[in-house]
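Fold and contact review
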Amino acid sequence: MTYLANSAPTNGIRKRVTAPWVRAQKNLCKLSMLTAYDFAFATLLDRAGIDMLLVGDSLGPVIYGTPNTLSVTLDDILRHTRTVSSAATRALVIADLPFLSYQVSLEQAVTNAGRCLKEAGAHAVKLEGGVEQTETIRAIVRAGIPVVAHIGLTPQSVHAVGGYRTYGKTEAERDLLLADAKAVAEAGAFCVVLECVQEATATEITKAIAVPTIGIGSGSNCDGQVLVTQDLVGLTVGHVPKFVNPVADVAGIISAAAQSFVARMNDGEESKPVVKGENVISH
Ligand code: KIV
């Protein structure tokens, strides 16, 4: 069954989005990617025509309230990817390979990437890193698994790089990022996430590589954009990155609804007995 809303913008593709289709959109249309971790969000985002749903390791901070992404496990990603895959009828579902699920050995990387497809229904995996990850990307792609690369700010290396900041501001960093982008694209990644890359550098990378760039906090010239959905809809509890322009205040709606529920309870309304035979919706 497809839930795609009739009015949804679909970039000209109503059937399932695939990795080759995404790759072929370079210079043709702007691609959309949002994070999804559960059934309700995945269903709504899919119906709205989002091209790619990322089960990101931002799962840790966003859903489980962890200080960073390092504690997210492969089992966490598999569990949430399973539910997102069961909801998405059009969007390409991407499972984020968590910290230490692909860095230890090529064999482990291919096995773990494969589990995301076999056990959780993902269509692709994402991993962080540039030049140093090219052998891993090659091995996973050789196994028939589409790979999204992720360079710039790579939160799994937060302790090694010394914090969250913008990358590519200096000439030396710009050259390193260009080399990273070219290397991961040549290794077979079908698109590349650029996180917190200075706009001019992101623009240069976008012109230099043959696969789409998907920016987050990297300016508007990338081939597509990705955001954490909770940031976009105003549902983030805690820090929201400066580059996000929330389009709604869902946190405000939830708080108001909860307060009105408390008020109704205080008025004794919610404790009224349900009338027999009344149409009651229950979980
Ligand atoms: O985990 C995540 O949500 C991500 C995006 C921010 C790109 O990696």
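Residues numbered from 1 in each chain as written. Predicted model: local features only at pLDDT ≥ 70, side-chain atom pairs only at ≥ 80, totals over all residues. Heavy atoms only, no water.

What to know about the overall build of the protein
Regarding its fold elements, the protein presents 11 helices and eight strands. Since a compact globule built from 283 residues should have a radius of gyration of about 19 Å, the 20 Å found for the protein is in line with a globular shape. When each of the 283 residues of the protein is scored for burial, the buried share is 48%. Pairs at least 24 residues apart make up 59% of the contacts formed inside the protein by residues separated by at least 6 positions. By element, 57% of the accessible surface of the protein is carried by carbon and sulfur atoms, the whole surface being about 14,100 Å². Side-chain charges of the protein comprise 24 positive and 27 negative groups, with the mean position of each set lying 6 Å from the other. (Helix = DSSP H or I, 4+ residues; strand = E, 2+ residues; numbered from the N terminus. Rg over C-alpha atoms; globule rule 2.2 N^0.38 Å. Buried < 20%, exposed > 50% of the residue type's maximum accessible area, 1.4 Å probe, protein only. Contact = heavy atoms within 4.5 Å. Areas by Shrake-Rupley, 256 points an atom, 1.4 Å probe, with all protein chains shown as cover. Lys, Arg positive; Asp, Glu negative; His and termini not counted. Charge placed at Lys NZ, Arg CZ, Asp CG, Glu CD.)

Regarding helix α11 (residues 250–266)
An ideal rise of 1.5 Å per residue puts 24 Å on 17 residues; α11 measures up with 24 Å between its terminal C-alpha atoms. A positive backbone phi angle near 85° is found at glycine 268, which sits one or two residues after α11. (Expected span 1.5 Å × (residues − 1).)

A look at the sheet that holds strand β2 (residues 52–55)
A barrel is described by the order of its strands in space; here eight strands give the closed sequence β1-β2-β3-β4-β5-β6-β7-β8, paired in parallel fashion. Between one strand and the next, the sheet's axes are offset by a mean angle of 25°, whatever the strand orientation. Pairing between strand β4 (residues 124–128) and strand β5 (residues 147–152): four bridges, direction parallel. Residue pairing for β5: lysine 126 is matched across the bridge by valine 148. Sitting on the sheet, helix α4 (residues 74–87) is in contact with β2 and β3 (92–96), with an inclination near 175° to β3. (Pairing = 2+ DSSP bridges. Axes fitted to C-alpha atoms, helices over the stretch in contact; angles between N-to-C directions.)

Brief notes about the pairing of β2
By the alternation rule, side chains of β2 split into Met52 and Leu54 and Leu53 and Val55, which are all buried. Judged from the three bridges that link them, strand β1 (residues 31–35) and β2 form a sheet pairing that is parallel. Each bridged residue has a counterpart across the sheet, and for leucine 34 the counterpart in β2 is leucine 53. After leaving β1, the chain enters helix α2 (residues 39–47) and then returns to the sheet as β2, a path that is right-handed. The pairing of β2 with β3 spans four bridges and is classified as parallel. (Right-handed = clockwise from strand over helix to strand, strands pointing away.)

Describing the site of the ligand
Taken together, the neighbourhood of the ligand is formed by Thr35, Leu54, Gly56, Asp57, Ser58, Asp96, Lys126, His150 and Ile216. Between serine 58 and the ligand, the recorded distance is 2.5 Å, taken from a side-chain N or O atom to an oxygen atom. Within the side chain of lysine 126, an N or O atom sits 3.0 Å from an oxygen atom of the ligand. When the free accessible area of the ligand is taken as 260 Å², the share hidden by the protein chains comes to 94%. In terms of residue class, the shell around the ligand is made up of two nonpolar, four polar and three charged. (Near = heavy atom within 4 Å. Polar contact = N/O pair within 3.5 Å; in protein donor to acceptor, adjacent residues only side chain to side chain. Nonpolar A, V, L, I, M, F, W, Y, C, P; charged D, E, K, R; others polar.)

Side note on the nonpolar core
Core analysis: the biggest nonpolar cluster contains 41 residues, and Leu97, Cys116, Val125, Ile140, Val192 and Leu194 have the highest contact counts within it. Residue assignment for this core shows that the elements contributing at least two residues are α4, α5 (106–118), β4, α6 (134–142), β5, α8 (171–187), β6 (191–195) and α9 (199–208). In terms of residue count, the dominant contributor to this core is α8 (six residues). (Core = buried A, V, L, I, M, F, W, Y, C linked by side-chain atoms within 4.5 Å.)

Description of the domain arrangement of the protein
The assigned domain composition of the protein is domain 1 (4–248) and domain 2 (249–283). The centre of domain 1, based on its C-alpha atoms, is set 38 Å off from the matching centre of domain 2. Domain 1 puts four residues into the contact, and the matching count from domain 2 is four residues. Summing both partners gives a buried area of about 310 Å² for domain 1 against domain 2, and 66% of it is carried by carbon and sulfur. The largest share of the area that domain 1 buries against domain 2 comes from Gly234, Leu235 and Ala248, three residues that together contribute 84% of it. Seen at the junction of domain 1 and domain 2, the total is zero salt bridges. At the boundary of domain 1 and domain 2, one finds three residue pairs in polar contact (both at pLDDT 80 or more). (Domains from an automatic or database assignment. Buried area = accessible area lost by both parts, 1.4 Å probe. Salt bridge = Lys/Arg side-chain N within 4 Å of Asp/Glu carboxyl O.)

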